[in-house]
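Residue-level structure breakdown
Letter by letter, the chains look like this.
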Amino acid sequence: MIKPIQAKVMLSHVKQPDTWFGLKYNMNLYRGCQHQCIYCDSRSECYQVENFSDILYKENAIELLANELARKRVKGTIGTGSMNDPYMPIEAKIQLTRRALELIARFRFPVHIITKSDLVLRDLDLLRRINEVYTAVSFTITTADDQLAKRLEPAASPPSARLRAIKILAENGILTGITMMPILPFIQDNEENITQIVTQAHEHGASYILPSFGVTLRDRQRLYYYNKLDRHFPGLRQRYERQFGNNYFAPANNYEKLKAVFADLCEHYGIEQRIRPYQPQTATQLPLL
Ligand code: SF4
């Protein structure tokens with residue numbers, strides 16, 4: 001089901017300093033996500049999205065955003081893509097993300113986007129304009145194997161398409177890289193997978209990779225994930241239950257080894273493990289006469 005809803009506010013303040021992406025504001029134009037990744041954390045009860053496969057779009061988002069941007073005194077990075085993908089298939093038609101970016105460009109705010117879709121390239125013109133201030137685009141890539149990704153992230157662009165998008169953005173001078181999270185125990189926690197992702201990141205011009213070696217699991221999210229494991233990876237649910245019980249975090253096997261392999265490769269290729277955040281321009285000091 002796809003239906004419109006009315007939002008009350010578009011930009012929520014990030015309360016704690018955001019050490020990952022340097023965000024000041026969060027923006028969600030949709031609720032629910034069509035990509036339907038089997039491990040998606042946004043299914044957790046704490047986010048109060050009752051049926052995650054229902055897609056709700058915020059019909060009044062652009063009007064609200066225009067008002068809020070006009071009133072904001074502090075220019076800080078607006079992040080989008082943590083609770084749903086701003087470039088899920090419906091965006092091709094509704095263009096909420098595009099229209100929000102037009103406003104962000106007009107009000108000269110910095111932006112950080114997380115996506116698993118190469119539809120982001122449609123908005124290259126706007127991303128380039130916003131980049132006069134600051135643009136960063138992070139593609140979540142958890143495997144470089146398109147076939148495996150089809151089982152894990154069924155409706156997202158294949159990783160090969162995401163990598164091609166990284167290349168195009170990088171060639172256009174836009175800061176871009178990878179959020180390599182989660183790394184799923186028993187499925188993706190092997191050296192070959194990590195090596196492939198980092199090598200391909202390098203070949204496609206990624207500046208950074210942010211890793212998380214493991215997956216968080218809680219309530220509805222765990223339930224959904226385990227049902228999908230039963231379907232696509234028979235016998236794996238039982239291994240998870242034995243090894244992780246009800247733990248919130250299920251770490252990758254060989255956690256330390258994988259981290260070391262990852263760090264060595266990043267150093268070898270000159271890939272950062274952090275994103276260069278937006279730095280507000282300070283007025284140039286005039287020399288005292
Ligand atoms: S793209 Fe992100 S928000 Fe959408 S289903 Fe996948 S993990 Fe969840």
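From a predicted model like this one, the values you see are computed outputs, not experimental measurements.

For the rest of this paragraph, the subject is the overall build of the protein chain. In terms of helices and strands, the protein chain carries 10 helices and 12 strands. Its C-alpha radius of gyration of 19 Å places the protein chain within 12% of the 19 Å reference for a compact globule of 289 residues. Judged by the C-alpha coordinates and their principal axes, the protein chain covers about 70 × 45 × 30 Å. The burial tally for the protein chain puts 39% of its 289 residues in the buried class. In the protein chain, the share of contacts with a sequence separation of at least 24, taken over all contacts with a separation of at least 6, comes to 82%.

Remark: helix α1 (residues 61–71) packs on helix α3 (residues 96–106), axes separated minimally by 10 Å, with the N-to-C direction vectors making an angle of 20°. Here α1 lies roughly parallel to α3, going by the angle between them. Here α1 and α3 pass one another in a crossing that is right-handed. In this structure, α1 contributes A61, I62, L65, A66 and L69 to the contact, and α3 contributes L96, R99, A100 and L103. By residue class, the composition of the contact of α1 with α3 is eight nonpolar, no polar and one charged.

Moving on, we get to the sheet that holds strand β5 (residues 55–58). In space, the three strands of this open sheet follow the order β1-β5-β4, with mixed pairing throughout. For this open sheet the edge positions go to β1 (2–5) and β4 (30–31), each flanked by a neighbour on one side alone. In the sheet, β1 pairs with β5 via four bridges, with the strands oriented parallel. Opposite I2, over in β5, you have I55 as the bridge partner.

Time to look at the nonpolar core. By size, the foremost hydrophobic cluster in this structure holds 70 residues, and its most contacted members are I104, V137, I178 and I197. Residues in contact with I197, not counting those within four places in the same chain, are I141, A144, I178 and M180.

This next bit is on the environment of D118. You can see D118 is positioned in the loop between β7 (111–115) and α4 (124–130). Its 21 C-beta neighbours within 10 Å are what place D118 among the buried residues. Counting along the chain gives 43 residues from D118 to A161, while the straight-line C-alpha distance between them is 6.3 Å. With near-sequence residues (within four places) excluded, D118 lies in contact with S157, A161, R162, R164 and A165.

The next thing to look at is helix α6 (residues 159–171). Its 13 residues place the ends of α6 18 Å apart at the C-alpha level, agreeing with the 18 Å of an ideal helix rising 1.5 Å per residue. Those residues of α6 that fall on the buried side of the exposure criterion are P159, R162, L163, A165, I166 and L169. Seen from one end, α6 has its buried residues packed into an arc of 155°, which puts them on one side. Each element contacted by the buried residues of α6 is listed here: β8 (135–140), α5 (146–152), β9 (175–180) and α7 (191–203). Backbone geometry just after α6 places G173 at a positive phi near 75°.

Every buried residue of α3 is listed here: T97, A100, L101, I104 and A105. Looking straight down α3, one finds its buried side chains confined to an arc of 140°; they lie on one side. A positive backbone phi angle near 55° is found at R108, which sits one or two residues after α3.

What follows is about the sheet that holds β9. Read across the open sheet, the seven strands follow the order β2-β3-β6-β7-β8-β9-β10; overall the sheet is mixed. The outermost strands of the open sheet, each flanked by one partner alone, are β2 (11–13) and β10 (208–211). The mean inter-strand angle of the sheet, taken between neighbouring strand axes irrespective of direction, is 25°.

It is worth spelling out the packing of helix α8 (residues 219–232) against helix α9 (residues 236–244) at this point. As a packed pair, α8 and α9 sit with axes 8 Å apart at the nearest point and diverge in direction by 135°. Between α8 and α9, the crossing angle belongs to the class labelled oblique. Note on element contacts: α9 touches α8 through L236, R237 and Y240, opposite Y226, L229 and D230. Of the residues in the contact of α8 with α9, the class split is four nonpolar, no polar and two charged.

Glancing now at the environment of R222. Looking at the element boundaries, R222 is found in helix α8. Residues R222 and Y39, 183 residues apart in the sequence, show an inter-C-alpha distance of 7.7 Å.

This part covers the pairing of β10. By the alternation rule, side chains of β10 split into I209 and P211, which are all buried, and Y208 and L210, of which none is buried. Sheet topology places β9 next to β10; four bridges connect them, and they run parallel. By the bridge assignment for β10, G177 is matched with Y208. In terms of handedness, the path from β9 via α7 over to β10 forms a crossover that is right-handed.

Basis of the calculations
Residues numbered from 1 in each chain as written. Predicted model: local features only at pLDDT ≥ 70, side-chain atom pairs only at ≥ 80, totals over all residues. Helix = DSSP H or I, 4+ residues; strand = E, 2+ residues; numbered from the N terminus. Rg over C-alpha atoms; globule rule 2.2 N^0.38 Å. Buried ≥ 20, exposed ≤ 12 C-beta atoms within 10 Å, placed from the backbone. Contact = placed C-beta atoms within 7 Å. Axes fitted to C-alpha atoms, helices over the stretch in contact; angles between N-to-C directions. Parallel < 35°, antiparallel > 145°, perpendicular 65-115°, else oblique. Left-handed = near helix turned anticlockwise from the far one by under 90°. Nonpolar A, V, L, I, M, F, W, Y, C, P; charged D, E, K, R; others polar. Pairing = 2+ DSSP bridges. Core = buried A, V, L, I, M, F, W, Y, C linked by C-beta atoms within 7 Å. Expected span 1.5 Å × (residues − 1). Arc of directions from axis to C-beta. Right-handed = clockwise from strand over helix to strand, strands pointing away.

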